[in-house]
There are 2 protein chains.
Amino acid sequence: MFNLENCLIFVVFLGAVLALIYALVTAKKVMKFSEGTDLMKKIAGSIRKGANAYLKRQYTIVSIFFAAMFIILIVMAAFNLLTWFVPFAFVTGGFFSGLSGFIGMKIATYANSRTANACQEGLNRGLRVAFSAGSVMGFTVVGLGLLDISLWFMLLKFAFHLEAAQISSAMLTFGMGASSMALFARVGGGIFTKAADVGADLVGKVEAGIPEDDPRNPAVIADNVGDNVGDVAGMGADLYESYVGSIISASALGIAAYNGNIRAMLLPMLMAAIGIFCSIFGTFLVRTKEGASQKNLLGALSRGTNFSAIIIAVIALPIVFFLLGKESLGLYFAIIAGLLAGVLIGKSTEYYTSETFNPTKKLAEKSETGSATTIIGGLSLGMLSTAMPIIIISICVLAAYFLSGGSQNANAGLYGIALAAVGMLSTLGITLATDAYGPVADNAGGIAEMAGLDPEVRKRTDALDSLGNTTAATGKGFAIGSAALTALALMASYIDKVSGIEGGKEAISNLSLMNPTVLIGLFVGACLPFVFAALTMDSVGKAAQSVVLEVRRQLKEINGLMDGKAEPDYASCVDLCTKSSLREMVVPTVVAIVVPVVVGLVLGCAGVVGMLAGATVSGFLIAIFMSNSGGAWDNAKKYIEGGNHGGKGSDQHKAAVVGDTVGDPFKDTSGPAINILIKLLSMVSIVFAALVVNFSIF
Amino acid sequence: MFNLENCLIFVVFLGAVLALIYALVTAKKVMKFSEGTDLMKKIAGSIRKGANAYLKRQYTIVSIFFAAMFIILIVMAAFNLLTWFVPFAFVTGGFFSGLSGFIGMKIATYANSRTANACQEGLNRGLRVAFSAGSVMGFTVVGLGLLDISLWFMLLKFAFHLEAAQISSAMLTFGMGASSMALFARVGGGIFTKAADVGADLVGKVEAGIPEDDPRNPAVIADNVGDNVGDVAGMGADLYESYVGSIISASALGIAAYNGNIRAMLLPMLMAAIGIFCSIFGTFLVRTKEGASQKNLLGALSRGTNFSAIIIAVIALPIVFFLLGKESLGLYFAIIAGLLAGVLIGKSTEYYTSETFNPTKKLAEKSETGSATTIIGGLSLGMLSTAMPIIIISICVLAAYFLSGGSQNANAGLYGIALAAVGMLSTLGITLATDAYGPVADNAGGIAEMAGLDPEVRKRTDALDSLGNTTAATGKGFAIGSAALTALALMASYIDKVSGIEGGKEAISNLSLMNPTVLIGLFVGACLPFVFAALTMDSVGKAAQSVVLEVRRQLKEINGLMDGKAEPDYASCVDLCTKSSLREMVVPTVVAIVVPVVVGLVLGCAGVVGMLAGATVSGFLIAIFMSNSGGAWDNAKKYIEGGNHGGKGSDQHKAAVVGDTVGDPFKDTSGPAINILIKLLSMVSIVFAALVVNFSIF
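Please read all numbers here as calculations on a predicted model, not as lab measurements.

### Some thoughts on the side chain of A:T616
Note that A:T616 resides in helix 19 (residues 570–641). A:T616 gets classed as buried once you look at its relative accessible area, which sits at 2%. Separated by 2.7 Å, the side chain of A:T616 and the backbone oxygen of A:L612 make a polar contact. Apart from the residues lying within four places of it in its own chain, the contact partners of A:T616 are A:A484, A:A487, A:L488, A:I678 and B:F523.

Below you can see the structure in the form of structure tokens.
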């Protein structure tokens, strides 16, 4: 009972607990700050109420889905198509993923007014509150993720006495709960936030001519609620899924590559635990002097993330050596390749979307000839920007595969690819903190505006917010890069899973591109991200339309609203966004769950592998295309607002606003949701593998 | 010497000659019609002069490229990496492809004023002139294509006494000339026509407020020249390439599937020849009564194409039986599957882009909330519209593969897929005629407007033109569907080709999706259509920008231009479009030729196969997405101009114009060029196969 492996799993468990304690302590620290004036409290209260109401209803709908799936999985288990653990693990995965989003959002809605208030005292104080809130989210995600994994591991090993291979095979099926929850949260939240944003802008800014975040705009609270339910709760559930998915797929491949050696299974978990220690260490470095420039602020954040990354890069070497010996040191380089690829994709995102570089500047220039050329320019920028990440990920995959010994042992190579994803996500605690503080600062700015604080305060929250855009670019690089690597690892895990099923080996014996079922699977899979992007964009359009009508109605019917004598009915806009986003969230998610099962039943397992490859490749491309087009349009607009090409209110600005509006669902709804989609497809395929092996047509 | 096979190849040769004779006779018939008034002659003369000048310079640039490639190929032949026929066949392929475009454009520029003049007498007469011009183009393309194939076949067989397998292997490499020429013509012509169109519209219609095709607009001649060099010459070269590509890849796969049986090689050629006879027959059915409604007109065109398709479907059965016996009758159903898939993809295109159906009507409705929602709506419509063609092509591929006996003999299955493409293109003579008459009618409308003919004439040319949009949708279905099938067939041919090279069998022994070089190839290949679309869209933007500046300059500097007292300098706009489109055409084409060689040298043959699969899948999706988005925006605008949602000049109309402008490079430049791209990649890979086998890193 008391051997090295058992100690190690305990270290992993401790890492998870430490992360959660750190999150709790940080949350308490945040709560100690003052919320500011009564008006600020009231505004923050409305936002919080709206966000809670949304999440409550979202969870109600999602529960129905989970209950239905639970029954389906129980039936499948009864027919011996699954182990009995799966239905329960499905629920825990979904629960923890949802909880990550919930806690992150909770703290964000408490921190927004506190950040605004702290910014009255100074920039550094504001940064500390916002960043602390981001940290709570970051460490909750990694803590809960690792807790779920380590608890299940201990349960299966110590209570049910399963072998390592059985444990990894069972745990592989757990990801589906987290992935479905993540997709619901991302799609629902993404639709909410963009419907409110577009609705508020189209009527408030464009038609009524009132500034952004003006309290007279009936959709202004909904807009701020949207930042929390979309950018915070959605992102939390999303990254929980990435984190857990990368670890369990690496564990499963480790078992396959190292003939059941449990140490190969523990390596990714241990990397994640060490990552938590390093990340906590890194957060202590994030602070800045008063009167700091934007550059100083960015420096403070970069110091934290870079330092964490460097320590983990150093510590990983002895860990790999210690666990798997000298001959497996190539795995170390796979981890480093993943870390590097994440950073480089982030840099590429920054290059294409930041107004300090040429592409976005040139895009702003295109506004001189109107909105059509702005749109064409943004679309072509996004399409062109796919080349660099493709090259980076290609080199990373090749390096991870061959350095891990893939040429002798293919499984070892695939394990290397999975470890690259784990390496990339190992410092998620702190990268997520630098990412999640952005929406908090954004909200703080809204509250400062609505509460009529000194314009200097708004300037400070804007400085924090604009910085958030740059760190968000890095965060996106990690999210997209890790999604591609994890999807590839899950594809390999799927094949491994199928091979273990009776009759499965024959079902996947021919994965050649010349097998027509593989080819057709490839076509169908590649089509899914297109369809998914179309559905989610349409949903945003429909939901925004209803907000537009409601805002117009209130502006017309409520007397004295425009003079500030009467208050708009904020709640009705929040309610409308909630209803329409929840209604619209169901179809895309159900499509993502049903299609892989149908493809499997028709085309068989080889067709499923083709589908997964097609979806990963085209999903990766479309996610980058949509994120970068959207980001560039957003920043081109900001660049013009900064006084270039005619500045605010000019025709060029109007053209740029059209670009930004098109970019909204691109970068905040469809693009990020595709990252989850490509992993959910694999997760569903893994869970339904036995069904497909037994009942497929081809 | 005098056996059945030799007779059959003579039949093929005869089919080619017959097509050319029919084209010549039809051309003479067209020339007999009167060109109309002196003013009409003058306008038509300017258009013709501009088009000729463009083509002359295009061919000059292309010749340099061909000369350089010729030398490279000669060197490769000297090092035994190619047979000596390839360099010469490369040149003939390019020459005939260019010639197809040239002849088609020549007759179109003679037929435009004649169509306008004939429309003065009546609709039926106008239809006959325009359709005859389209027929010249259609039959020139198929005639020259089959001539090139049959002449080379006879040369290799009778003069060099090669075996069937050697002939097919040599002929497979011939497609690269046609494909490169096609890409140059499509990209160059596509940029020209959209730069002129966008330039003329942005300044003329939007800024100066003069109607379309108004003689005071300095870019109006360039716009009409663009229709000829892009929609006619570009399309001619494009379909020449598809036609030849599908036949030679089917021939090569036939040899592989039927162990060198020359009859399997002759079947696709014979199908093509029979298709010519049926098409000629079909053209006789295209005529309509005077005072015919648009429905009657469409009926007349459909009668011709449907009839040709039905005869070929009937005749194919005895031909397959006669050539390959009862046990190969499954191939017949593969041919039928291809024919049907082409029709169905065309129907799906029509559904998504025609204003008589819901999607485009709903898109028009989105103009109510401005240009941003119009753009989002069009993009999501295009993305969603990929699903149906994917399902159609998937069923077609599966059916063609398994009905041809792919489960016993994989090569027979692949041969079936290639025959499906041949079946789809067998009636190209007449489908192309119904497609190519559109730009002629469009030009005729321009001439009627500029020459100040009776508005009734313009109405008639508009009726012809609008009909052309519907038939063009069908044509697009065939172009996209056949491109995907041919690309798959070429991929199979590539593998076949590599297997025949010393050391090649090992190089492609592992085409599994779990081979990392295949996976990376897939990523890189899928990225290429994105990059290619970005480059071509950018090119249109840049070229249009220069036209905008020139038109603005002329409107400002030429006194009395707006009052009709002075003439604009049309030639300078034509010259500008020529220069910029030719400059911009080089980079995308060179990228398409260099990338497969580089990918091959780095990743090896397995990587190349991955790349081809990735490019085919993502290219198919993007081509459909861009074509359908563009088509829907165009028709939504026309729907509004028809008096819906505020009609012409309303804010809704302005929003729709933005959509249409974005759609222009989508549907007429980037989208169609991608069809060629995916085949050119295979062609280049096939030619450089020996180089890659000998010198690749992996």
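### Here we look at the interface of chain B and chain A
Counting residues at the interface gives 63 residues for chain B and 63 residues for chain A. Buried surface at the junction of chain B and chain A, both sides included, amounts to about 5800 Å², of which 87% is carbon and sulfur. Of all residues in chain B, the largest losses of buried area upon contact with chain A belong to B:M514, B:F523 and B:F530, amounting jointly to 14% of the total for that side. Across the pair B:K366 and A:D538 runs a salt bridge whose closest N-O atoms are separated by 4.0 Å. Here chain B is connected to chain A by 4 residue pairs in polar contact (both at pLDDT 80 or more). Elements with a contribution of two residues or more to the side of chain B that touches chain A: helix 12 (371–384), helix 13 (387–403), helix 16 (455–499), helix 18 (516–557), helix 19 (570–641) and helix 20 (651–687) of chain B. Among the elements that make up the side of chain B that touches chain A, the one with the highest residue count is helix 18 of chain B (18 residues). For the side of chain B that touches chain A, the class distribution of residues is 50 nonpolar, 11 polar and 2 charged.

### With respect to the environment of B:A479
Relative to the elements of secondary structure, B:A479 occurs in helix 16. On a C-alpha basis, the gap between B:A479 and B:I103 in space is 20 Å, while along the polypeptide they are 376 residues apart.

### What about the relation of the copies chain B and chain A?
For the pair chain B and chain A, the superposition axis carries a translation of 0.0 Å, the fit reaches an RMSD of 0.0 Å, and the rotation angle comes to 180°. Overall, the copies show the geometry of a two-fold rotation axis. Taking C-alpha positions as reference, the residue of chain B nearest the rotation axis is B:S512, located at 2.1 Å. An overlap of 100% is found between the interface residues of chain B and their copies at the interface of chain A, pointing to a shared contact surface.

### Focus on the side chain of B:D213
All names here are of chain B. Within the secondary structure layout, D213 lies in the loop between helix 6 (175–208) and helix 7 (220–257). At 3.1 Å, the side chain of D213 forms a polar contact with the side chain of R458. Once you skip the residues sitting within four places of it in the chain, D213 turns out to touch V220, N224, G445, G446, E449, M450 and R458.

### Focus on unusual backbone geometry
In the Ramachandran plot, A:H161 falls in the positive-phi region, its phi being about 50° despite a non-glycine side chain. Following the sequence through the fold, A:H161 ends up in the loop between helix 4 (123–159) and helix 5 (164–172).

### Here's the deal with helix 18 of chain B
A rise of 1.5 Å per residue sets the reference length of helix 18 of chain B, with its 42 residues, at 62 Å; its end C-alpha atoms lie 61 Å apart and thus fit the reference within 8%. Within helix 18 of chain B, 30 of the 42 residues are buried, which leaves the element mostly enclosed by the surrounding structure.

### Description of the packing of aromatic side chains
Counted under the stated rule, the structure contains 44 aromatic pairs over all chains. When the centroid spacing of 5.8 Å and the interplanar angle of 80° are considered together, the rings of B:F625 and B:F666 count as edge-to-face. A residue pair is termed long-range when its members are at least 10 positions apart, and B:F625 in helix 19 and B:F666 in helix 20 qualify at 41 residues. Each member of the pair B:F625 and B:F666 is classed as buried. Feature note: the residues A:F65, A:F66, A:F90 and A:F184 constitute an aromatic cluster, connected by ring pairs.

### Quick word on helix 12 (residues 371–384) of chain A
Between the first and last C-alpha of helix 12 of chain A there are 20 Å, a value that for 14 residues agrees with the 20 Å anticipated at 1.5 Å per step. Across the 14 residues of helix 12 of chain A, 13 count as buried, placing the element largely inside the fold.

### Description of the confidence of the model for chain A
Regions with low pLDDT carry predicted coordinates that are not meant to be interpreted in detail. Scored by pLDDT, chain A has a mean of 91; 99% of the residues are at 70 or more. The ipTM, which scores confidence in the relative placement of chains, is 0.94 for this predicted complex, and the corresponding pTM is 0.94.

Parameters and conventions
- The numbers attached to residues start from 1 for each chain and follow its sequence in the written order.
- Ligands are numbered from 1 and chains lettered from A, in the order in which they are written.
- A pLDDT threshold of at least 70 governs which residues receive local features in this predicted model, and a stricter bar of 80 or more applies before side-chain atom pairs are shown or counted, although totals over entire chains, interfaces and linings include all residues.
- Heavy atoms throughout the structure, all of them, feed into the side-chain values; hydrogens and water do not.
- We count a stretch as a helix when DSSP gives it H or I for four or more residues in a row; a strand needs E for two or more, and each element gets its number in order from the N terminus.
- Buried, partly exposed and exposed residues are distinguished by accessible area as a fraction of the type maximum, computed with a 1.4 Å probe on protein chains only: under 20%, between the cut-offs, and over 50%, respectively.
- Pairs of N or O atoms are called polar contacts if they sit within 3.5 Å, as long as, within protein, a hydrogen donor faces a hydrogen acceptor (for residues adjacent in sequence, only side-chain-to-side-chain pairs).
- Should any heavy atoms of two residues lie within 4.5 Å, those residues are counted as being in contact.
- A 1.4 Å probe defines the accessible area here, and the buried area is the portion of it lost by two parts on being joined, summed over both.
- Any Lys or Arg side-chain nitrogen found within 4 Å of a carboxyl oxygen on Asp or Glu counts as a salt bridge.
- Residue polarity is assigned by list, with Asp, Glu, Lys and Arg as charged and Ala, Val, Leu, Ile, Met, Phe, Trp, Tyr, Cys and Pro as nonpolar; anything else, Gly included, falls into the polar class.
- Least-squares fitting of one copy onto the other uses the C-alpha atoms of those residues that reach a pLDDT of at least 70 in both copies.
- One fewer than the residue count of a helix, multiplied by 1.5 Å, yields its expected span.
- The pairing test for Phe, Tyr and Trp rings, Trp by its six-membered ring, is centres within 6.5 Å, and the orientation test on the planes gives stacked under 30 degrees, edge-to-face over 60, and tilted for anything in between.
- Confidence of the predictor in every single residue is expressed as pLDDT, which spans 0 to 100.

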